[in-house]
Amino acid sequence: MHTSSMLKKEFLNKWIKGLQICCSSKNKMDLMERKKKIKLSADIAMASAKKTATSWSNALISEAKKNKQDTILVSQLLGSESPLKLQKSTNRIISIHKRVQCKKILKRSCFNAAKRMMKKKKKNLGISRSNFATTIAKRLVKKRTKVLKRLVPGGESMDEVSLIKEAMDYILSLKVQVDVMMSVVAAAEVLSDDKLLELVE
């Protein structure tokens, strides 16, 4: 596993390389294009800096490969390892997706049967407070899981356990990304301050 400093160094190298590729591919970009290229190169650099294949990193790479203009950036940042790494992880994602779909079907059929039984019991007993609290808690968890699935790249095809693991890994990677970007901004500010001092003197 990467230590944080190694991951930061790997990310920085790949991000700078990605920015150079983006800048060389198009001479004039407006602000929005530049913003998209910076984000794309940062995402691909972060996904490729991870030595172990994760679902979120493969989802980011797959999404970037859909756009023909971005395919060049992806292939140059990933190098020769990308097709093999992506194929293995794609097969894994497909099998996880199939497993999740099977679980959903099973859960739905069990839920419908349980729902019918609950309706019969409700008529006889009424709802207790603990059941009501449990139902509300389950709804909250379900809502938050849906939101998390939208936030984590490739999260829609994950089961809950995989989603939590991937979300934690993705958050740590985003933290590394933010730390590196803040360091770059701080360095740029110091350099611009030094140039201003030279101009004044």
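Up top you'll find the structure we're talking about.
Notes on the structure in this doc start here.

What counts and how
- Residues numbered from 1 in each chain as written.
- Predicted model: local features only at pLDDT ≥ 70, side-chain atom pairs only at ≥ 80, totals over all residues.
- Heavy atoms only, no water.
- Axes fitted to C-alpha atoms, helices over the stretch in contact; angles between N-to-C directions.
- Helix = DSSP H or I, 4+ residues; strand = E, 2+ residues; numbered from the N terminus.
- Left-handed = near helix turned anticlockwise from the far one by under 90°.
- Contact = heavy atoms within 4.5 Å.
- Nonpolar A, V, L, I, M, F, W, Y, C, P; charged D, E, K, R; others polar.
- Buried < 20%, exposed > 50% of the residue type's maximum accessible area, 1.4 Å probe, protein only.
- Arc of directions from axis to C-beta.
- Salt bridge = Lys/Arg side-chain N within 4 Å of Asp/Glu carboxyl O.
- Phe/Tyr/Trp six-rings, centres within 6.5 Å; stacked < 30°, edge-to-face > 60°.
- Core = buried A, V, L, I, M, F, W, Y, C linked by side-chain atoms within 4.5 Å.

## Quick look at the packing of helix 2 (residues 31–49) against helix 4 (residues 68–78)
Next, step 1: Packing of helix 2 against helix 4 brings their axes to within 10 Å, and their N-to-C directions diverge by 35°. Pair helix 2 / helix 4 crosses with right-handed handedness. Here Lys37, Leu40, Ser41, Ile44, Ala45 and Ser48 of helix 2 come into contact with helix 4, specifically with Asp70, Leu73, Val74, Leu77 and Leu78.
Next, step 2: Of the residues contributing to the contact of helix 2 with helix 4, the split by class is seven nonpolar, two polar and two charged.

## Considering helix 4
Next, step 1: Where helix 4 is concerned, the buried positions are Asp70, Leu73, Val74, Leu77 and Leu78. Along the long axis of helix 4, the arc covered by the buried residues comes to 115°, so they all point the same way.
Next, step 2: One or two steps after helix 4, the chain reaches glycine 79, where phi turns positive at roughly 75°.

## Let's talk about the environment of valine 180
Next, step 1: Relative to the elements of secondary structure, valine 180 occurs in helix 7 (residues 160–200).
Next, step 2: A relative accessible area of 6% means that valine 180 is categorised as buried.
Next, step 3: Between the alpha carbons of valine 180 and phenylalanine 11 there is a distance of 8.0 Å; along the sequence they are 169 residues apart.
Next, step 4: Residues contacting valine 180, with those up to four places away along its chain left out, are Lys8, Phe11 and Leu12.

## A closer look at the pattern of salt bridges
Next, step 1: In the structure shown here, the tally under the stated rule is five salt bridges.
Next, step 2: Its salt-bridge partner being lysine 14, residue glutamate 10 comes within 3.8 Å of it at the nearest N-O pair. One end of the pair is glutamate 10 and the other is lysine 14, both in helix 1 (residues 4–25) and four residues apart, which spans about a single turn.
Next, step 3: Take lysine 14: its relative accessible area is 12%, and that puts it in the buried class.
Next, step 4: Salt bridges linked by common partners bring Lys8, Lys175 and Asp179 together as one network.

## Section: the packing of aromatic side chains
Next, step 1: In this structure the tally under the stated criterion is two aromatic pairs.
Next, step 2: Relative to tryptophan 15, the ring of phenylalanine 11 lies with its centre 5.8 Å away and its plane at 10°, an arrangement referred to as stacked. A residue pair is termed a helical-turn pair when its members lie 3 or 4 positions apart in one helix, as phenylalanine 11 and tryptophan 15 do in helix 1 at four residues. For the pair phenylalanine 11 and tryptophan 15, one class covers both residues: buried.

## Some remarks on the nonpolar core
Next, step 1: One finds Phe11, Ile44, Met46, Trp56, Leu73, Val74 and Val152 to be the most contacted residues of the largest nonpolar core, which totals 27 residues.
Next, step 2: Of all elements in the fold, only helix 1, helix 2, helix 3 (55–66), helix 4 and helix 7 reach the threshold of two or more residues within this core.
Next, step 3: Setting aside anything within four residues of it in sequence, one finds leucine 73 in contact with Gly18, Ile21, Cys22, Leu40 and Ser41.

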